Amino acid sequence: VDPDFMFYRTVARAYVPGGVNSIGVSGAQGLPSFSPTYTAETVLEEEIGAKWDFRFGGAYGRLDVDVYNNDFSNIFETFTGLTTQGASVRYNANIAAATLRGVEVQGTFYPTSAWEVSVGYSYNDAKYTKWTGSDPFNVAHPGSSACLPSSPVGFCFLNLTNNPFPYMPQHQGHVTVLWHLPVDDNWGKMSLSATVYGQSREFFEATAARDLQLFPGGLNGISQAPYATLNLRFDWENMRGSGWDGAVFATNVTNAVYATGKVPQLETLGFSAANYAPPVMVGVQVRKQFGL
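Predicted model, so just to flag it, every value in this text is computed and none were measured.

Participant: How should the pattern of salt bridges be read in this particular structure?
Facilitator: Two side chains bearing opposite charge may form a pair once their charged atoms approach each other closely. Under the counting rule described, the total for this entry stands at six salt bridges. For Arg-210, the salt bridge is made with Asp-135, and the minimal N-O distance between the two is 2.7 Å. Placement of Arg-210 in helix H1 (residues 208–214) and of Asp-135 in the loop between strand S7 (115–134) and strand S8 (157–159) is noted, with a sequence separation of 75 residues between them. With respect to burial, Arg-210 and Asp-135 carry one shared label: buried.

This is the structure:
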């Protein structure tokens, strides 16, 4: 629009490759939605955004905003069934669809030459729009009240569209404040910064809602509760003109305990295995710059 403002519109199409189900199982061909192969998942990605460089007196900054919508189709999910010979079979079928849409905002603001403030926030509305399949935990059997009336004869299908989309917290945000210390240029450049990050609850499996129906007390076993972290850092560039850079940092200063992933085993072993983020960590970095 002008040198300080632009907007854009993008449309893209992508896919996740399909695969091959177990073959050679006698009677598998008669199972609902079974096919020796399953096709690719596809997604139509759409995004509208804008970038704006602004000034207010001596202050200036940049603001980026975008709105996105991703439509997933032919998502493959796992079925379980018994063949006429009594063999248990697990296989994938293209039976689900989902929509991911949201807003992302990020910006950097320089109120003075000594201060820099960076912010970021995203709102994500992610949900399945279609998913009718067998019980992922093989608890509901034909004739159960939980089965859909449309279930094939001899099978129990559930409406699983109420499951949350995994690894997609609804809210995420961060703020970084950086201060350039007023020191003589002969000493190099020094700065202090602090970053606060926070997010809402994040689920680690696609079948979370069904899991909670069976194990109502297992919420924290299949997801990570909201949490926030604080990181601090001191940088000293070109120390006394030597070409050496140094930094002292501390991450997760508040010692927040949170998992970056979990493997729920509630229905088999009664617990979940979790990968936890590091606790408080303090470190030093040193770097030497060499001329070309």
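Participant: Mind showing me how you'd approach the nonpolar core here?
Facilitator: When a protein is soluble and globular, its nonpolar side chains tend to lie buried together. Of all hydrophobic cores here, the largest spans 25 residues; its most connected members are Ala-98, Leu-100, Tyr-128 and Trp-131. Elements represented by at least two residues in this core include exactly strand S5 (59–82), strand S6 (88–112), S7 and S8. A per-element tally of this core places S6 first, with seven residues. In contact with Ala-98, other than residues within four places in its own chain, are Asn-70, Asp-71, Phe-72, Ile-75, Lys-127, Tyr-128, Thr-129 and Phe-165.

Participant: I tried to follow the pairing of S6 on my own but got confused; where do I start?
Facilitator: Relative to S7, S6 is paired through 15 bridges, and the arrangement is antiparallel. Within S7, the residue paired with Gln-106 across the bridge is Gly-120. What sits between the antiparallel neighbours S6 and S7 is a turn of two residues.

Participant: I would appreciate a short explanation of the packing of aromatic side chains in the present structure.
Facilitator: The relation between two aromatic rings is expressed through the spacing of the ring centres and the mutual angle of the planes. Inspection of the entire model under this criterion finds 14 aromatic pairs. With 5.1 Å between their ring centres and 75 degrees between their planes, Phe-34 and Tyr-91 make a pair best called edge-to-face. Here Tyr-91 lies in strand S6 and Phe-34 lies in the loop between strand S2 (19–20) and strand S3 (37–38), a separation of 57 residues in the sequence. With relative accessibility at 3%, the residue Tyr-91 sits in the buried group. Ring geometry for Phe-54 and Phe-56: centres 5.7 Å apart, planes at 50 degrees, overall tilted. On the accessibility criterion, Phe-54 (13% relative accessible area) is buried. Note on Phe-56: relative accessible area 56%, which makes it exposed. Taken together, the ring pairs connect Trp-52, Phe-54, Phe-56 and Phe-109 into an aromatic cluster. The ring of Tyr-60 has Arg-55 lying over it, and the distance from NZ or CZ to the ring centre is 4.9 Å. Between the NZ or CZ atom of Arg-240 and the centre of the ring of Trp-187, over which it lies, the distance is 4.3 Å.

Reading the values: rules and limits
Residues numbered from 1 in each chain as written. Predicted model: local features only at pLDDT ≥ 70, side-chain atom pairs only at ≥ 80, totals over all residues. Heavy atoms only, no water. Salt bridge = Lys/Arg side-chain N within 4 Å of Asp/Glu carboxyl O. Helix = DSSP H or I, 4+ residues; strand = E, 2+ residues; numbered from the N terminus. Buried < 20%, exposed > 50% of the residue type's maximum accessible area, 1.4 Å probe, protein only. Core = buried A, V, L, I, M, F, W, Y, C linked by side-chain atoms within 4.5 Å. Contact = heavy atoms within 4.5 Å. Pairing = 2+ DSSP bridges. Phe/Tyr/Trp six-rings, centres within 6.5 Å; stacked < 30°, edge-to-face > 60°. Lys NZ or Arg CZ within 6 Å of the ring centre and 35° of its normal.

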